[in-house]
Each structure stands twice: as C-alpha cells, then as structure tokens.
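Reading the structure
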Amino acid sequence: MIRFIFGRRNYYPSSGEIMASMEDPYVLIDKWLRAKEFIVVGKGVARADALEKALGKAKYVEDYFQSGFLFIKQVLSTEPHAKIKGINVEEALRKPKVVKVITASDIPGENQVGYALPDQPLLAEGKVRFHGEVVALVVAEDIDAALEASEFVRINYEPLPHILDPLEALQRKDVLVHEEVGSNIAFRTRIRKGNVEEGFSKADVIVENEYRTHHQDHLYLEPEGALAIPGLDGRLTVITAAQYPHLAQSIIARVLGVPASDIKVIVPYMGGGFGGKDDEGPLTAAKAALAAYLTGQPSFILYTREESMRSHPKREATIIKYKSGASRDGKLTAIDVTIVHDTGAYANRGPFILWRATVHASGPYHIPHAKVDGYCVYTNKVYQGSFRGFGNPSVQFAAEAQMDELARKLGIDPVEFRLRNMLRPGLTTITNQLLDHSAGIADAVEQLAKVSGWYSKRREYGVSTGRFRRGIGIGVAWHGISTSRGVPDWSNAYIKIDKDGSVTAFTGIVEMGQGSPTSSHRQIVAEVLGAPIEKIKVTFGTSDAPDGGATHASRGTSIGAIGVLVAAAKIRERLNKLASELLNCSPDEVVIKEGKVYVRGDIERTITWEELIKHAYSRGVDLSATGYFFLPKGKFDDTVGQGQAYPAFSYVAMIAEVEVDTETGKVRVLKVWPALAAGRIINPQQVEGQIEGAAVQGMGYVLMEQLVFDDKGRLLNPDLTDYVVPTALDVPEIAKPVYVEDLFKYGPFGAKGVGEMALIPAPAAIANAVSHALGVRITKLPITPEAVYFEVKKHGLIK
Amino acid sequence: MFYRIPKFNYYRASTLDEALDLVSSLNDFKVLAGGTDLVIDLKVRRYTVKNVVDISRIKELDYIADDGDRVRIGALTKLQSIADSPIIREKVPVLADAVREMASWQIRNIATIGGNLCNASPAADTAPPLYVLNATLRLVSKEGEREVPIAEFFLGPRKTALRSKELLKEIVIPHEPGCGASFLKLGRRNSFTLSVVAVATLVKVVENKFADVRIALNSVAPTPVRARKAEEYLKGKEVSLDNITEAAKLVLHDISPISDVRASAEYRKDMSVVLTRDSLIKSLERIGIKV
Ligand SMILES: Cc1cc2nc3c(=O)[nH]c(=O)nc-3n(C[C@H](O)[C@H](O)[C@H](O)COP(=O)(O)OP(=O)(O)OC[C@H]3O[C@@H](n4cnc5c(N)ncnc54)[C@H](O)[C@@H]3O)c2cc1C
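Since the structure is predicted, the reported quantities are computational estimates derived from the model, not experimental observations.

Each value, and the rule that gives it
Residues numbered from 1 in each chain as written. Chains lettered and ligands numbered in written order. Predicted model: local features only at pLDDT ≥ 70, side-chain atom pairs only at ≥ 80, totals over all residues. Heavy atoms only, no water. Salt bridge = Lys/Arg side-chain N within 4 Å of Asp/Glu carboxyl O. Helix = DSSP H or I, 4+ residues; strand = E, 2+ residues; numbered from the N terminus. Buried < 20%, exposed > 50% of the residue type's maximum accessible area, 1.4 Å probe, protein only. Near = heavy atom within 4 Å. Polar contact = N/O pair within 3.5 Å; in protein donor to acceptor, adjacent residues only side chain to side chain. Areas by Shrake-Rupley, 256 points an atom, 1.4 Å probe, with all protein chains shown as cover. Nonpolar A, V, L, I, M, F, W, Y, C, P; charged D, E, K, R; others polar. Pairing = 2+ DSSP bridges. Axes fitted to C-alpha atoms, helices over the stretch in contact; angles between N-to-C directions. Contact = heavy atoms within 4.5 Å. Phe/Tyr/Trp six-rings, centres within 6.5 Å; stacked < 30°, edge-to-face > 60°. Expected span 1.5 Å × (residues − 1). Bend = angle between axes of the 7 residues up to and from the residue. Domains from an automatic or database assignment. Buried area = accessible area lost by both parts, 1.4 Å probe.

Let's shift gears to the pattern of salt bridges. Summed over all chains, the structure comprises 87 salt bridges over all chains. Arg467(A) serves as the salt-bridge partner of Glu663(A), at 3.9 Å between the closest nitrogen and oxygen. On the criterion of sequence distance, the pair formed by Glu663(A) in the loop between strand 29 (649-661) and strand 30 (667-677) and Arg467(A) in the loop between helix 15 (454-460) and strand 17 (468-480) is long-range, its members being 196 residues apart. Take Arg467(A): its relative accessible area is 21%, and that puts it in the partly exposed class. Note that Glu147(B) and Arg138(B) form a salt bridge whose closest N and O atoms lie 2.5 Å from each other. One connected set of salt bridges, linked through shared partners, spans Asp67(B), Arg70(B), Arg72(B), Arg138(B), Glu145(B), Glu147(B), Lys169(B) and Glu170(B).

Moving on, we get to the site of the ligand. All names here are of chain B. For the ligand, the set of nearby residues contains 32 residues, the closest of which are Val 31, Thr 36, Asp 37, Leu 38 and Thr 112. Between the ligand and the protein, one listed contact pairs an oxygen atom with a side-chain N or O atom of Thr 112 at 2.6 Å. Within the complex, the protein chains bury 90% of what would otherwise be the 990 Å² of accessible surface of the ligand. Mapped onto the shell around the ligand, the elements with two or more residues apiece are strand 2 (29-32), helix 2 (38-43), helix 7 (113-118) and strand 10 (167-174). Split into classes, the residues belonging to the shell around the ligand amount to 20 nonpolar, eight polar and four charged.

What follows covers the sheet that holds strand 16 (residues 369-378) of chain A. For sheets, the rule is that strands pair by backbone hydrogen bonds, running either parallel or antiparallel. Residue and element names in this part refer to chain A. The five strands are arranged 8-16-15-14-9 in an open sheet whose pairing can be described as mixed. Bordering the open sheet on either side are strand 8 (185-193) and strand 9 (205-213), each of which pairs with just one other strand. Going across the sheet, the axis of each strand differs from the next one's by a mean of 5°, ignoring polarity. Bridge analysis of strand 8 against strand 16 gives eight bridges, and the strand direction is antiparallel. Each bridged residue has a counterpart across the sheet, and for Phe 187 the counterpart in strand 16 is Cys 376. Helix 11 (residues 350-359) contacts strand 8, strand 15 (332-344) and strand 16 of the sheet and is inclined by roughly 20° relative to strand 8.

With that out of the way, let us pick up the packing of aromatic side chains. Residues and elements named next belong to chain A. In the structure shown here, the tally under the stated rule is 24 aromatic pairs over all chains. Look at Trp 355 and Phe 636: their rings are 5.5 Å apart centre to centre, the planes differ by 85°, and that puts the pair in the edge-to-face class. Separated by 281 residues along the polypeptide, Trp 355 in helix 11 and Phe 636 in strand 27 (residues 636-637) bring together distant segments of the chain. Accessibility assignment for this pair places Trp 355 and Phe 636 in one class, buried. Their ring planes at 25° and their centres at 4.4 Å tell us that Trp 478 and Phe 649 sit as a pair that is stacked. In this pair, Trp 478 is assigned in strand 17 and Phe 649 in strand 29, connecting sequence segments 171 residues apart. Each of the two residues, Trp 478 as well as Phe 649, counts as buried. An aromatic cluster is present here, built from Tyr 26, Phe 629, Phe 744 and Tyr 746 joined pairwise through their rings.

A few words on helix 16 (residues 516-529) of chain A. Residue and element names in this part refer to chain A. Here helix 16 spans 18 Å end to end across 14 residues, near enough to the 20 Å set by a 1.5 Å rise per residue. Of all the bends found along helix 16, the most pronounced is centred on Arg 522 and spans about 25°. Within helix 16, 14 of the 14 residues are buried, leaving the element largely enclosed by the surrounding structure. Two residues or fewer past helix 16, Gly 530 is found with a positive phi of approximately 80°.

Let's shift gears to the domain arrangement of chain B. Residues and elements named next belong to chain B. Here chain B is partitioned into domain 1 (9-54), domain 2 (59-174) and domain 3 (180-286). Computed over C-alpha atoms, the centres of domain 1 and domain 2 are 19 Å apart. Each partner contributes to the interface: domain 1 provides 18 residues, whereas domain 2 provides 17 residues. When the buried surface of domain 1 facing domain 2 is broken down by residue, Leu 16, Leu 20 and Thr 36 rank first, second and third, together holding 37% of it. The interface formed by domain 1 and domain 2 includes one salt bridge. Where Asp 21 meets Lys 142, a salt bridge forms, and the shortest distance between an N and an O atom there is 2.1 Å. Applying the counting criterion to the domain 1 and domain 2 interface returns five residue pairs in polar contact (both at pLDDT 80 or more).

Structure below.
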C-alpha cells in the first residue's frame with residue numbers, strides 16, 4: 001500500500017535562474033517521488049556482485065596484500081587503567097626484520113581521533129584506559145617477525161585504581177577515567193515535555209522497572225584490515241574496510257598532519273560492518289597509513305579475531321530506569337526515564353548514541369508528559385560504539401516491556417494497548433515534533449497481528465504449567481532517519497555517461513554485504529535515466545567520489561542514495577530536452593525505456609539509447625552531474641530536548657513466538673513475523689535479506705551473545721570458542737515481511753532505509769514472548785538458558 | 001595473547017612402526033593427528049615443544065572393524081567416518097549420536113577419535129558414550145601393547161594414562177545386544193557448540209527391572225565421569241519415572257563442576273540431573289520402554 005501524505009515543503013532555495021530550477025534537487029526529488037510506474041524500482045533485481053561473490057572472486061582488503069609489504073602488529077594494553085611510565089622498544093627493534101616500532105610520540109600530526117569528543121588517542125599517550133587499548137605498532141618485514149617482536153615491546157605501567165561498574169563510576173570522583181573531565185560523566189542528554197507530575201497524577205496504573213542490557217560484538221566475518229601504499233595514484237592510497245571513506249581520509253590526514261587531498265581511500269568489498277567499521281575502520285586505516293608514511297613502504301594491518309574483539313567498540317551496555325503511567329482507558333499519560341550508557345574508556349560516538357536512545361525512549365507512542373535523562377559514563381572497559389540500531393534496541397526493549405506491563409495491569413491486550421497510543425500523522429513525539437507525514441506504523445501493526453494469529457495465540461499461550469511453555473510477544477519500534485537534531489546531513493554522488501552509453505556512478509557509499517551500491521543505487525540510476533540496468537556501473541567506497549556521507553544509520557539506500565538520484569535526474573532532464581528536439585515532441589512526452597527513446601504513445605518515432613548519447617556528445621549536452629542535496633533540518637533545543645529530532649522516522653515491528661524449556665531454560669524462537677513502514681521498498685529481495693539477517697543478529701544478541709569481563713576488565717571470551725553467535729540451525733522461521741510504504745518526501749522514491757530496522761524490535765519481541773510464556777517479566781538481557789533457568793527457579797515455576 | 005606458533009621440528013610417519021621409532025628416539029614432542037586441538041594449543045602456548053610427529057597419514061590406524069562381539073575403531077579414524085559408518089550406527093548408535101553433534105562437518109572431516117580422547121579435555125564428547133559402552137583403549141609402544149579401560153585412561157584435564165613413548169592405537173567396544181543407550185548434550189546453541197554438560201546413559205532391563213545401568217557425564221569434573229551412585233541406586237529397581245528421577249539426583253555425588261565463561265557450577269549441577277533423567281528415559285525408549 002502506498003500513501004502520499006505530504007506536508008508543505010518547508011524550505012525552497014531561491015535560485016532565481018530559470019534553467020537552474022529545472023535541476024533544483026527539491027523539484028527533482030519530488031518529481032520522482034510521484035512516479036506511478038516503474039521499470040526496475042520495487043522489483044527484486046539481482047545485485048551486480050551476486051555472481052562474483054558466489055564464485056569467491058570478489059576481493060576484500062586482505063586480497064590486495066602482496067608479499068614484500070610490511071606487516072603491522074598491535075601491542076595492546078594488559079592493564080585496565082595505568083600510567084605509562086615508559087615504553088622500551090630497543091629489544092623489539094633488535095629482533096630480525098623489524099623496521100619500526102611506532103608509539104604516540106612518533107605521530108606527526110594529531111594523536112586525537114575522538115568522533116564526538118576530543119578524548120581519544122590513536123595510540124595510548126600518558127596512560128591506558130582499558131585492557132586491550134592499543135599502545136604501540138610493530139612494523140616488520142613479515143607477519144612472523146612482527147608477531148615475534150611485538151612480545152618484546154616493554155611497557156612500564158604504574159597501575160591506577162580502575163572502575164568497571166557504570167553506576168559506581170557515576171558516583172565516584174576519586175577514580176577518574178579522564179581526569180580533565182572532573183567526573184566520569186562524558187555526556188548528558190535531557191528531554192522535558194509537559195509536566196510529568198501532572199501526567200502521573202492522571203495515571204490509573206503506574207509501572208516502574210529497571211532494565212539492563214549488555215554489550216554485543218559485531219563479529220563481522222572479515223576482521224578489520226587496511227593496506228596503505230605510498231605514492232599510488234600520486235597520493236598515499238589506503239585500501240581499507242571502513243564505512244565512510246571520506247571520514248577515514250580526514251582521520252588519516254589529521255593523524256599524519258597532511259591535507260586530505262594527499263590521501264586517497266578505497267573501500268573494496270567489505271565482509272560486514274554493522275557500525276563497527278564506522279568507528280574502527282578509520283582508525284585501522286590511520287594505523288596502516290602511519291606505518292606507510294613513516295617507513296615509505298606499503299604497509300598492511302589485519303586484526304586477529306582476538307585483537308578485534310578486545311579493542312574495537314561494542315554495542316552499548318545500559319541500565320535503564322523506567323516509570324510509566326496510563327489511564328484506565330488505555331492512554332499513556334507520562335514517562336520518566338533515566339538511561340545510563342556504559343561508554344567504556346572513550347566517548348567515541350557515545351553522545352550520539354545516547355541522543356538516539358533519549359529521543360526514542362518513548363517507543364513509537366504519543367505521550368503528553370515526558371522526562372528523560374541520559375548519562376554517558378566512562379569506565380575502564382573496551383568502549384562502546386555504533387552497532388546496528390545505535391542505542392535504540394536497548395531502549396525499545398525497556399519501553400516495550402513497560403507497554404506489556406501496563407497492558408497487563410489494565411487488562412487490555414498488548415497490541416490493542418499499543419494501537420491506542422501509537423504515533424500517527426498529526427501527533428507529536430516526546431520532543432514535541434509534529435509528524436506531518438510518513439508514519440504508517442499503526443497500519444503495519446494491525447496487519448502483523450492478523451498474519452501472525454496474534455489475538456488467539458496470546459490468549460492460548462502463557463497459561464501452561466508443563467515443562468515446555470509457549471509465548472508470543474511483540475516489539476514495536478521507531479528509528480529516526482538521518483542524523484539527530486540539527487546535525488548536518490547531506491548526500492552527493494557523481495554520474496557520467498560515456499560515449500558508448502555506459503553509465504558510471506561514483507559514490508562514497510560502501511558495499512558491506514547490504515548491497516546498496518550494487519543493487520538499489522543501480523536501480524535508482526537505471527530508473528531515472530531509463531538506461532538498461534546492465535549499462536549502469538556503480539563505483540563505490542571511494543574518497544574520489546564527492547562526500548555523500550557514511551554508510552550507516554540505515555542511510556545507504558535512503559539519504560545516501562539521494563545523490564545518485566539527483567545526479568541522474570539532472571542528466572535525465574537534459575536528455576529529455578535533447579530527445580524532445582530530436583523527436584519533435586515536448587520533454588514530458590519523452591519515454592526512455594529498455595534501451596529505446598520514444599514519444600509517449602507513438603512507438604514509431606524511436607531512437608536507441610546509444611544514438612541519444614551520441615547526439616548528446618555531438619550537440620554539446622553535458623552528460624556528467626553531481627547530486628548534492630543538503631537535508632533541511634528543523635530547530636532543536638538541546639537543553640530541554642524539544643524540537644525536530646529527525647526529518648522523519650522509519651517504523652518496524654516484530655512478533656515472535658517462542659517455546660521455553662523450563663527445565664533447562666532453553667528458549668527456542670519458533671517463528672518471527674516482521675513488519676516495516678520504511679517508505680518505498682526499492683528492492684524487496686534485498687530488504688528481505690536485511691530483515692532476515694537483522695532478525696537473526698537480534699536473536700543472537702538476546703539469547704546467547706555476551707562478553708564476559710574479569711575483575712580487571714579483561715575480556716575472557718575474545719574468541720569464537722566462547723563468544724557464541726547463532727548458526728543456521730538456530731535460525732527461526734521468518735515470515736514474509738508486511739510492508740507499509742509510507743513514503744518520505746526527501747527519500748529517493750520515498751525510501752527511508754532498512755538496514756538497522758529488524759534488529760531494533762527483536763530484543764523486545766523475544767523478551768516479551770519469553771515473559772508471556774513464563775508469566776514472569778524479563779528485565780535483563782541476555783536471556784541465556786542459564787538466566788531463564790534461574791528465573792524459573794526463583795519464581796518456583798517448576799517443582 | 002600470541003598467535004605465532006613457535007618453531008618446531010616436524011616429522012611425518014607413514015606407518016605405525018615408523019611413528020613408534022620416532023617417538024622413542026625423540027624427547028620433547030607431541031604427536032599430531034587431525035591437529036584441531038593441537039594446533040590451537042601450540043598457538044596459545046598451552047604446549048611448547050621442540051618436535052611434532054605427524055601421524056595423520058598412517059593409513060593402518062584409520063578403520064572401523066566389526067568383529068561380531070566387538071567393534072574396533074582405529075585411533076586415526078575421522079569423526080565424520082564414525083558418524084557415517086553403518087557398523088557404528090547399527091552396533092553402537094550412541095557413539096554416532098554423540099559424534100554427529102560434535103563441531104562442524106569441516107572439523108569432523110579432519111578431527112580423529114583418538115585425538116579427542118588423548119587430548120583429554122573434560123568436555124570431550126566421545127568420552128561419555130565410550131564410558132557407558134565399557135570401551136577399552138589399546139595403547140602401543142616399542143615395548144608392546146596394553147589395554148586400559150576408558151575410565152582409567154583419563155587422569156585429569158589434559159592428563160591421560162599414556163606413557164611418554166606410547167600412542168593410542170585403537171578403541172575396542174564390546175557389542176552388547178539388547179541395551180538401550182542415548183546421548184544428550186546441552187550447549188549454548190543448537191549446533192557447533194562445546195558442551196556445558198553432556199550425558200550418555202545405557203540401560204539393560206530384565207522383567208521390568210534395571211539389570212544394568214551406566215551413566216557418564218562430561219564437563220562437570222576434571223575428567224569425564226561415571227555416576228556410580230546413581231547407577232547403583234537403580235540396579236535391581238523397577239523401571240519407573242520416580243526411580244529414574246530419584247537416581248538422577250544422585251549424579252551430584254560423582255560430579256564437581258566449576259564455574260567458567262560457559263556456565264556456572266550451579267547450573268551445571270542442576271542440568272546434570274535434568275539431562276541424566278532425560279537420557280535415561282530416552283535410553284529406555286530405544287528398547288521400546290515408555291515410562
Ligand atoms: C571448531 C572446533 C569445534 C570443536 N567441537 C568439538 C565438540 O563439539 N566436541 C568435542 O569433544 N571436541 C570438539 N573440538 C575439539 C577437537 O576437534 C576434537 O577433540 C578432535 O577429536 C581432536 O582430534 P584431532 O585429531 O584433531 O587431535 P589433535 O589435535 O591432532 O590431537 C589432540 C591431542 O591428542 C594427542 N594425540 C592425538 N592422537 C593421538 C594418538 N593416536 N596417540 C597419542 N596421542 C594422540 C595429540 O598429541 C594432542 O595432544 C572442536 C575443535 C574445534 C577446532
């Protein structure tokens with residue numbers, strides 16, 4: 001189902017020129033948004049890299065390594081918190097084939113790589129703040145030599161008291177992870193809407209709980225790696241696995257103290273990112289670049305799985321205190337939420353993650369009175385970072401548990417209760433943002449309840465007293481599109497058409513398995529130009545493309561693809577004009593489809609795509625264009641957390657059916673039903689892939705994945721023996737998704753983005769299903785068999 | 001954390017005699033079968049040795065033989081061959097059950113049964129079924145051969161009754177028709193997982209009474225263990241759910257689990273009881289008895 005509910009355009013550039021307005025991005029985005037018939041958009045077009053990948057021919061960073069390149073081995077801290085009294089590299093340097101040992105003092109530019117706050121060195125300086133922090137890089141002629149020498153870098157530590165518990169860190173002033181901050185609070189957020197006292201006074205039921213969620217490792221198949229080659233293409237070229245080539249470029253430039261134009265970054269195929277390589281990718285690249293810069297030789301770094309797990313940022317661990325109230329008629333009256341994020345040793349993107357959690361704390365519901373306080377707290381553990389959902393899965397888990405508990409107290413079915421409060425166009429969010437369009441979640445949830453058989457199962461299950469108990473649960477979530485608040489966001493790309501009619505689009509968006517550049521970007525360009533899809537090549541992940549932002553925040557096919565849409569649309573306008581002259585018709589009558597150019601309703605007057613391009617070259621039509629678009633943003637007041645938080649929201653829901661073995665605590669997820677209100681589905685095949693992958697990753701997070709730290713903050717399971725992720729045999733049946741295509745006015749063809757979505761409600765849906773099966777509220781993740789078993793035992797659910 | 005294998009001398013034997021010659025002439029050595037345990041242990045430096053003797057190509061130790069009243073398995077038989085063997089499936093299906101749940105297809109195609117036993121991990125999954133089958137291990141050295149009952153082979157974590165110049169040659173499993181046996185493993189996911197607890201049980205029933213009962217568990221003591229108390233309790237008793245449930249609780253007398261990243265000791269204890277009961281029920285089902 002497709003809906004067109006558009007508000008007034010709130011911004012219109014005054015271009016003045018008549019010609020320019022034809023290529024005005026607002027006009028072009030709007031024009032293609034209103035398209036009614038499609039050639040390739042909305043179809044399950046096979047991705048360009050399918051065969052290459054199936055045959056094992058696709059190349060990843062490591063495949064570009066050649067013998068003779070230098071190898072870099074990292075030396076990681078063995079202390080959670082200590083002063084570095086000295087680093088003795090002499091012994092390591094005397095080992096055979098060792099070329100260099102790099103420490104903080106060797107960095108020619110700035111040793112500062114914090115994304116949100118300037119609190120993080122590339123290589124530890126002065127002190128170490130977690131067990132696993134990178135202190136030195138050993139550069140040697142081969143991997144064996146580097147590995148051997150790395151053991152002989154002697155670091156003289158003076159241990160400092162360390163702090164691991166975020167609640168303790170919040171209180172204490174005597175042990176500080178960052179002395180200069182004066183406390184262990186890295187960042188705070190706040191929302192004040194209405195008056196919560198008044199809201200709670202109107203409540204007939206109140207639910208108050210404390211929730212805890214845990215870290216998660218991305219565990220991408222391909223660990224972090226980078227290869228830096230001095231002088232290639234006239235610059236220092238770095239081939240790396242990073243989710244934003246331009247960010248890697250600027251971090252490298254900063255660390256080396258050279259202009260960004262001296263650095264080129266290429267991101268080849270990537271073996272998974274999930275946000276982890278948004279944070280760690282540029283740092284990996286900077287380490288390789290540093291070695292290449294200082295030695296003048298091609299240098300290669302590849303993390304072992306253990307190094308990766310010990311040092312790269314993790315999904316945030318949280319403590320969420322949540323109080324909510326509702327009236328007898330099933331309307332939410334107020335929420336009061338305190339969110340504590342254990343950010344570990346560095347803030348990294350923690351402040352942004354906390355903002356996202358804060359703004360989404362209500363769940364996708366209308367609540368008149370809201371108070372939310374967020375704390376991003378330093379501890380001496382591996383730091384938190386971006387991970388599919390970005391602060392949202394944890395807070396939606398808490399919000400959705402609250403919804404179930406309120407519904408239970410009110411005696412209303414949980415879906416029915418949600419529907420009574422659900423955000424719809426015309427309602428405001430907890431930041432008082434008016435939703436003017438693109439909010440199709442209520443419809444999606446209604447459909448989902450039907451296809452899953454919700455109402456009967458919800459009554460039937462949850463009453464058994466036998467060993468195996470079934471439950472069904474729902475999680476509904478929302479996820480703001482683009483960066484939060486007024487943080488600038490834009491898109492761009494460059495497209496050119498060669499004389500033979502082949503088309504190349506250059507984008508900084510990367511291919512990390514999700515397929516944005518190799519599927520949806522191609523479809524968008526083919527649709528807009530009308531050129532045959534085989535003629536479209538997308539060159540992705542290159543800093544030589546105009547900066548169009550990162551491949552994160554589910555933006556690869558939404559904001560990230562506006563650039564290719566606008567660039568293609570500009571060229572299409574010119575081609576329409578040219579064709580109208582050639583075919584003697586008006587530009588709006590020109591049809592370009594399947595390699596043919598003709599007048600609508602008159603197939604007789606036809607030329608081929610190739611002929612049209614030849615004419616363009618001979619008549620002086622520019623067949624190259626960039627597609628810059630700066631996303632308009634509203635006002636947001638950080639001090640009270642009120643205003644426009646995001647240009648629009650994607651919505652997602654999941655219903656999960658589980659069976660709990662009360663004697664072992666094992667939870668089997670039998671089936672999940674996903675629903676998505678994420679605007680236009682450009683490629684259903686790709687979207688299904690994203691939903692399935694996210695559902696499984698979410699299930700793994702809830703049921704089995706956990707990092708175990710010892711009392712020094714050392715990770716005890718940094719390996720695949722004891723960090724357990726789902727296998728094919730753990731995967732539940734995943735139903736065909738329900739789609740509500742609630743178009744977003746600035747999305748390409750109305751697309752809002754999908755990548756993170758299905759993971760966000762998974763913890764809530766599964767935990768709610770388990771709570772339903774047992775009749776016991778689950779407030780803490782993960783729900784391992786052991787955890788469930790002891791809940792069962794504690795509540796005397798079995799003899 | 002170190003991932004470079006320190007240098008060692010590499011020797012490869014192509015016959016058992018050659019291997020025995022090699023090990024008797026070397027001192028500081030380890031033998032390499034499939035290497036799925038050893039290579040990792042060398043990397044993390046659980047062992048540092050001067051010499052490695054590769055025995056993986058000794059064809060004469062790769063077999064599954066059916067002698068009628070017993071089944072013999074060569075030490076270098078791959079786990080996947082055991083899972084696929086019609087002899088094993090017919091005569092000692094409980095071993096096939098255990099092996100099928102081990103590791104992954106790729107690992108099972110290089111890992112050997114001898115390696116699983118000689119590695120002597122408390123979590124070795126072939127141990128519980130071999131314990132309840134009363135298997136004996138035939139050990140060989142230049143001095144000759146000897147037989148050791150499996151329960152006497154495991155001395156502690158990574159410690160076995162093997163003498164320094166001795167190799168495991170084969171596993172001998174008596175065939176006892178009319179017994180029902182089963183294996184249950186609790187891991188942290190549905191496949192490709194090390195056991196938190198695994199249990200094998202074997203029962204023989206005469207006139208609705210337990211004529212014989214054997215129970216073995218892994219991951220709950222320094223070595224795989226027999227649960228003798230529980231076995232004794234059931235012998236001679238009537239087959240009933242109550243008796244089984246009572247007996248299962250007695251496994252606690254023979255186990256001493258620890259807490260680690262995989263599970264707490266308390267969970268392992270409780271699960272030992274649950275799995276023992278479930279396995280006994282399943283073993284009875286195998287001989288057509290429902291309780
Ligand atoms: C990914 C993965 C998953 C695994 N999953 C499981 C699992 O589910 N369950 C489980 O129990 N194990 C599992 N293992 C452990 C391992 O695969 C098994 O223990 C395997 O059977 C070992 O056999 P191998 O031939 O590889 O032994 P090797 O590694 O070659 O040897 C192991 C030890 O035994 C010694 N040895 C080997 N053969 C002999 C012999 N004939 N005589 C004397 N000494 C000998 C070696 O010197 C060494 O000390 C797993 C391992 C991996 C890597």
